[in-house]
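Spelled out from the first residue to the last, the chains are:
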Amino acid sequence: MRGVLQRMRDLLRLFVTGHAQRVWHAVRERLYSNGGSLGLRRDLAVPFPAPAAKLPIQVRPLAPEDDLSFLDVDQPGLAADQVFARLGQQRILQSGLATCYVAIGPEGKPCYMQWLIPSSENDRVRTFFGNLYPQLGPDEVLLEGAYTPEAHRGQGIMASAMAQIAQQAAHSGARWAITFVDEGNTPSLKGCERAGFAPYLRRVEMYRAFYRVIAFVQLLTSAFPGDR
Ligand SMILES: CC(C)(COP(=O)(O)OP(=O)(O)OC[C@H]1O[C@@H](n2cnc3c(N)ncnc32)[C@H](O)[C@@H]1OP(=O)(O)O)[C@@H](O)C(=O)NCCC(=O)NCCS
């Protein structure tokens, strides 16, 4: 319920900042739409060297003193999609989901953020995202909320940081890192692939009169019973 109220508040915010068209787009989508995302995963037992970004980065959990001004929605000249994306990141931050990681750039400021979510957060994931994700198994982690501030995009930061964040999960004993990306989000799909992730699932997303139906379709099957 809290999540719904936050979304309504954010739509109102979009509306009053002059992005009525984007609000209508979001409402129309929830009235009637058919969409899809790819579920991608990486086997953490298989070594995967993180690709280097075009600038040196250091990955670590978000600290209270980190500068997240790149999520400011009052910055002049922002396009509706930019405001929409920033509000989405702020909502995940406010959800209290653990753990938000950041990549720190040469200026000492975050230039990437993404959540690494263990199965102990299953209930919170369900509360915040509803039925959008499958229940995580004890050996699975979910990567969600990838975001590179506009000024840092196109420098290979996502692939490098995401690969390193996934590796953190391996240290805590997880076998599979999974993530979901809208089928139309080419930059993110490229970043995931370069971070060692491969498609294994398709998520079908349908809205009918604000009611969301989600179905998961397996993409890969194996002849070996022990494989997943
Ligand atoms: C998806 C996202 C995290 C990628 O981050 P990134 O650090 O720029 O990733 P990369 O540098 O590896 O670039 C990946 C692709 O982004 C695209 N790209 C490059 N420069 C870009 C720019 N200035 N602006 C937007 N996209 C750009 C290119 O298609 C690039 O592929 P290429 O290297 O083959 O040209 C980033 O675009 C973003 O934050 N988008 C908004 C939020 C979002 O969609 N998150 C993913 C949710 S699943």
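Predicted, not measured: the structure shown is a model, and the values here were computed from it.

(A) Examining the overall build of the protein more closely. Scanning the protein from N- to C-terminus turns up six helices and eight strands. Ordering the α and β elements of the protein from the N terminus gives α-α-β-β-α-β-β-α-β-α-β-α-β-β. Expected size for 228 residues packed as a compact globule is a radius of gyration near 17 Å; at 18 Å, the protein falls within 12% of this value. The dimensions of the protein, computed from C-alpha atoms along their principal axes, are 55 × 45 × 30 Å. Here the protein holds 228 residues, and the buried ones make up 44% of them. At a minimum sequence separation of 6, the contacts of the protein that also span at least 24 residues come to 71%. Carbon and sulfur atoms provide 57% of the accessible area of the protein, an area that totals close to 12100 Å². Between the centroid of the 25 positive side chains of the protein and the centroid of its 21 negative side chains there is a distance of 4 Å.

(B) Inspection of the pattern of salt bridges at higher detail. Under the counting rule described, the total for this entry stands at 12 salt bridges. One salt bridge in this structure joins R91 and D10, with 2.6 Å as the shortest N-O distance. Highlighted residues: R91 in helix α3 (residues 80–95) and D10 in helix α1 (residues 2–16), separated in sequence by 81 residues. Between R60 and D66 there is a salt bridge, and its shortest N-O distance comes to 2.8 Å. Accessibility expressed as a relative area gives 24% for R60, which makes it partly exposed.

(C) Looking closely at the nonpolar core. Y112, L143, M162 and F197 are the most contacted members of the largest nonpolar core, which has 29 residues in total. At the level of secondary structure, the elements contributing two or more residues to this core comprise β1 (32–43), β3 (100–104), β4 (110–118), β5 (140–147), α5 (157–171), β6 (176–182) and α6 (186–194). Ranked by the residues each element gives to this core, the list is headed by α5, at eight residues. Sequence-distant contacts of M162, defined by excluding residues within four places in its chain, comprise Y112, Q114, L143, I157, T179, C192, A195 and F197. Formed by 23 residues, the second largest nonpolar core is a distinct cluster that contains L97, V102, Y147 and I178.

(D) Spotlight on the packing of aromatic side chains. Counted under the stated rule, the structure contains five aromatic pairs. A ring pair is formed by F129 and Y133, whose centres lie 5.1 Å apart and whose planes are at 85 degrees; its orientation type is edge-to-face. Taking the relative accessible area as the measure of exposure, F129 reaches 7% and is therefore buried. Judged by relative accessible area, which is 7%, Y133 ranks as buried. Relative to F180, the ring of Y133 lies with its centre 5.5 Å away and its plane at 65 degrees, an arrangement referred to as edge-to-face. Remark: F180 occurs in strand β6 and Y133 occurs in the loop between α4 (122–129) and β5; sequence separation between them is 47 residues. Given a relative accessible area of 8%, F180 falls into the buried group. Aromatic ring contacts, followed pair by pair, group F128, F129, Y133, F180 and F216 into a single cluster.

Thresholds, definitions, all that
- Residues numbered from 1 in each chain as written.
- Predicted model: local features only at pLDDT ≥ 70, side-chain atom pairs only at ≥ 80, totals over all residues.
- Heavy atoms only, no water.
- Helix = DSSP H or I, 4+ residues; strand = E, 2+ residues; numbered from the N terminus.
- Rg over C-alpha atoms; globule rule 2.2 N^0.38 Å.
- Buried < 20%, exposed > 50% of the residue type's maximum accessible area, 1.4 Å probe, protein only.
- Contact = heavy atoms within 4.5 Å.
- Areas by Shrake-Rupley, 256 points an atom, 1.4 Å probe, with all protein chains shown as cover.
- Lys, Arg positive; Asp, Glu negative; His and termini not counted.
- Charge placed at Lys NZ, Arg CZ, Asp CG, Glu CD.
- Salt bridge = Lys/Arg side-chain N within 4 Å of Asp/Glu carboxyl O.
- Core = buried A, V, L, I, M, F, W, Y, C linked by side-chain atoms within 4.5 Å.
- Phe/Tyr/Trp six-rings, centres within 6.5 Å; stacked < 30°, edge-to-face > 60°.

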